[in-house]
Amino acid sequence: MQFDEVINRYGTRSSKWDDMEKKYGVSAKDGISMWVADMDFRPPECVQNVVRQMAEHGIFGYHGNDSAYLNSISWWMQNRHNWSIDPSWIFTTHGLVNGTAICVDTFTEPGDGVVLFTPIYHSFFRVLSASDRPVVQCPLAVENGRYTLDFDRYDAMMTGREKMLILSSPHNPGGRVWTPDELRAIGEFARRHDLIIVSDEIHHDLVYPGQKHTVFPLADDSVSERLIVMSATTKTFNIAGSHVGNVIIPDSTLRAKFKKRMAALGMSPNYFGLMMAAAAYSPEGGAWVDGLMAYLEGNRQLFDAAINALPGIKSTPLEATYLAWVDFSGTGMSPEEIKRRVQQEAQVAANHGETFGQGGEAFLRFNFAMPRSQVQTAVDRLSQAFGDLQ
Ligand SMILES: Cc1ncc(COP(=O)(O)O)c(C=O)c1O
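Residues numbered from 1 in each chain as written. Predicted model: local features only at pLDDT ≥ 70, side-chain atom pairs only at ≥ 80, totals over all residues.

Student: Can you help me understand the overall build of the protein in this one?
Tutor: When helices and strands are tallied, the protein shows 15 helices and 14 strands. Since a compact globule built from 390 residues should have a radius of gyration of about 21 Å, the 21 Å found for the protein is in line with a globular shape. C-alpha extents for the protein along the principal axes are approximately 60 × 60 × 35 Å. Looking at the protein as a whole, 46% of its 390 residues qualify as buried. When contacts within the protein are restricted to residue pairs at least 6 apart in sequence, those whose partners lie at least 24 apart make up 73%. (Helix = DSSP H or I, 4+ residues; strand = E, 2+ residues; numbered from the N terminus. Rg over C-alpha atoms; globule rule 2.2 N^0.38 Å. Buried ≥ 20, exposed ≤ 12 C-beta atoms within 10 Å, placed from the backbone. Contact = placed C-beta atoms within 7 Å.)

Student: Help me understand the nonpolar core in this model?
Tutor: Taken as a class, soluble globular proteins show a tendency for nonpolar side chains to be buried jointly. Core analysis: the largest hydrophobic core is formed by 116 residues, its most contacted members being M164, I197, I228 and V348. Shared between two domains, this core holds at least three residues of each, these being domain 1 (2-44 + 285-385) and domain 2 (61-282). Setting aside residues up to four positions removed in sequence, V348 forms contacts with V26, G31, I32, M34, V342, Q343, A378, R381 and L382. (Core = buried A, V, L, I, M, F, W, Y, C linked by C-beta atoms within 7 Å. Domains from an automatic or database assignment.)

Student: I'm lost on the site of the ligand in this one. Help?
Tutor: Taken together, 13 residues sit near the ligand, with A37, G95, L96, V97 and Y121 positioned nearest. Split by residue class, the shell around the ligand holds seven nonpolar, five polar and one charged. (Near = placed C-beta within 6 Å. Nonpolar A, V, L, I, M, F, W, Y, C, P; charged D, E, K, R; others polar.)

Student: How should I be thinking about the packing of helix 13 (residues 283-308) against helix 15 (residues 372-385) in this particular structure?
Tutor: The relative placement of two packed helices comes down to the angle between their axes together with the axis-to-axis distance. Orientation of helix 13 relative to helix 15, taken along the N-to-C sense of each, is 10 degrees, at an axis distance of 10 Å. In terms of orientation, helix 13 lies roughly parallel with respect to helix 15. When helix 13 is examined against helix 15, the residues G298, N299, L302, F303, A306 and I307 are found in contact with a partner set consisting of R372, V375, Q376, V379, L382 and S383. Residue composition of the contact of helix 13 with helix 15, grouped by class: seven nonpolar, four polar and one charged. (Axes fitted to C-alpha atoms, helices over the stretch in contact; angles between N-to-C directions. Parallel < 35°, antiparallel > 145°, perpendicular 65-115°, else oblique.)

Student: Is there a simple way to explain the pairing of strand 13 (residues 348-352) in this structure?
Tutor: On a regular strand, one side chain projects to one face of the sheet and the next to the other, so that they alternate. Among the five residues of strand 13, five are classified as buried, and the element is accordingly described as predominantly covered. Pairing between strand 1 (residues 32-34) and strand 13: three bridges, direction parallel. The partner of I32 across the bridge, within strand 13, is V348. In the sheet, strand 13 pairs with strand 14 (residues 363-367) via two bridges, with the strands oriented antiparallel. (Pairing = 2+ DSSP bridges.)

Student: What is the right way to look at the packing of helix 5 (residues 96-107) against helix 11 (residues 252-264) in this model?
Tutor: Taken N-terminus to C-terminus, the directions of helix 5 and helix 11 make an angle of 110 degrees; their axes are 10 Å apart at the nearest point. Here helix 11 runs roughly perpendicular to helix 5, going by the angle between their axes. Seen along the crossing, helix 5 lies across helix 11 with a hand that is right-handed. From helix 5, I102, D105 and T106 reach across to helix 11, where they touch K257, F258, R261 and M262. Its residues assigned to classes, the contact of helix 5 with helix 11 shows three nonpolar, one polar and three charged. (Left-handed = near helix turned anticlockwise from the far one by under 90°.)

Student: I keep staring at unusual backbone geometry and nothing clicks. Help me out?
Tutor: Only a minority of non-glycine residues have a phi that is not negative, and only a minority of peptide bonds are not trans. Following T118, the chain continues to P119 via a peptide bond in cis, the omega torsion being 0 degrees. Topologically, P119 is positioned in the loop between strand 3 (113-118) and helix 6 (123-130). Cis geometry is adopted by the peptide bond preceding P170, which originates at S169 and carries an omega value of -5 degrees. If you trace the backbone, P170 turns up in the loop between strand 7 (162-168) and helix 8 (180-192). Even without being glycine, N238 reaches a positive phi, approximately 60 degrees. The topology assignment puts N238 in the loop between helix 10 (234-237) and strand 10 (245-248). The class for N238 is buried, based on 21 C-beta atoms found within 10 Å. For Q347, which is not glycine, the phi torsion reads 60 degrees and is therefore positive.

Student: Any chance you could explain the sheet that holds strand 11 (residues 314-315) here in plain terms?
Tutor: Sheet strands line up and pair through hydrogen bonds in the backbone, either parallel or antiparallel. The sheet built from five strands is open, its strands ordered 1-13-14-12-11 with mixed pairing. For this open sheet the edge positions go to strand 1 and strand 11, each flanked by a neighbour on one side alone. Sheet analysis places strand 12 (residues 323-327) next to strand 14, joined by five bridges and oriented antiparallel. Across the sheet, the residue bridging to L323 is N367, located in strand 14. This element, helix 15, spans strand 1 and strand 13 of the sheet and lies at about 95 degrees to strand 1.

Student: Just to check I follow, could you spell out the domain arrangement of the protein for this structure?
Tutor: Buried accessible area, meaning the area lost when the parts come together, often serves as the stated size of an interface. Split by domain assignment, the protein resolves into domain 1 (2-44 + 285-385) and domain 2 (61-282). Computed over C-alpha atoms, the centres of domain 1 and domain 2 are 25 Å apart. With 29 residues of domain 1 in contact, the opposing surface of domain 2 contributes 36 residues. For the side of domain 1 that touches domain 2, the elements supplying multiple residues, two or more each, are helix 13 and strand 12. By residue number, the principal contributor to the side of domain 1 that touches domain 2 is helix 13, which donates five residues.

Student: Honestly, helix 6 in this entry has me stumped. Any pointers?
Tutor: Given 3.6 residues per helical turn, the α-helix brings residues three or four places apart onto the same face. Taken as a whole, helix 6 has its buried residues at F124, V127 and L128. In an axial view of helix 6, the angular spread of the buried residues amounts to 95 degrees, which keeps them on one side of the axis. Looking at helix 6, the residues exposed on the side facing more than 90 degrees away from the buried face are R126, S129 and A130. Those residues of helix 6 hidden inside the fold are in contact with helix 5, strand 3, strand 4 (135-139) and strand 7. Of the residues trailing helix 6, D132 is marked for its positive phi of about 60 degrees. (Arc of directions from axis to C-beta.)

Structural data, given as structure tokens:
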């Protein structure tokens, strides 16, 4: 099985393995890297082949006509997500953190509030703080161990100075696939408070069997005059280093503003990224993703069964993503003691929950997109590190 192969990434300048020791004090020699969200798997052959062909050809000039790339995105959206888009709606950014930053820059002013449902993907905080947009943290509610939305509470928090809502759909780190009803309620909330919605759907393909992701406009197309949808090949196919993201804007007024801002910033796409993305969004790429999700489902079950057997520790049930969001609050231990046990005793590097904003303080996030043998080693070590819990 291709996903079982252990591939050494140390020494390849990978963030996940080469930066682990500096960030978490866990050495790549003995440790297991479960932090940043990329996978330890090779992408499908169709993606590897296109890079091989480019390397053999050996000339790396500017990318020209991008119609094959744009058509491949439309094809994928139609085939995998049932959403018909016109290629002219698509802008290419240097990944989706960059896409988010350009949305913030284009559609808000310094001092405007930006709403986040927390805990949420940490880079949003970095972008917003660097661009002087106050973050309005709207904590997710928890019902039966599942994150939900509490609009009465959020309505009461709005001051009129908020201009944008950034949504993570499916949600990182809670692993929720928002239902069409929830998306409609988010749309109504945005209308009530006149917010632009940036729906970051980077995890849209990483959905477990039995779950269905709904692209925002399919739940509520009446908000299209305030809606931006973002997607990418990078998470799905493990090509995050290619740094290509799709910002899809159905509304012509929003599109014109975004286009002008892109021109002002002198944005133009990366040859490798476009070629890899166009190869990935294909029937072969689709079959690979189906195999990937079946494999990740096995990893998820293994991880959750071992972690949930530890008294006081609870892995949030994931509907999507390969990022386990683990609540240690029931252990009664301090965050420092939990990190010491995970990093120093178990030699596992996991993201620290407080970086995801309010509600994340007692959590760690573990990326289990790696060969199953390594997930097994990680959970064995974690079980030992917390073996004294009764
Ligand atoms: C919700 C979300 N958005 C964006 C990103 C990163 O996007 P990019 O690498 O395209 O900048 C991630 C990575 O984990 C993410 O979880």
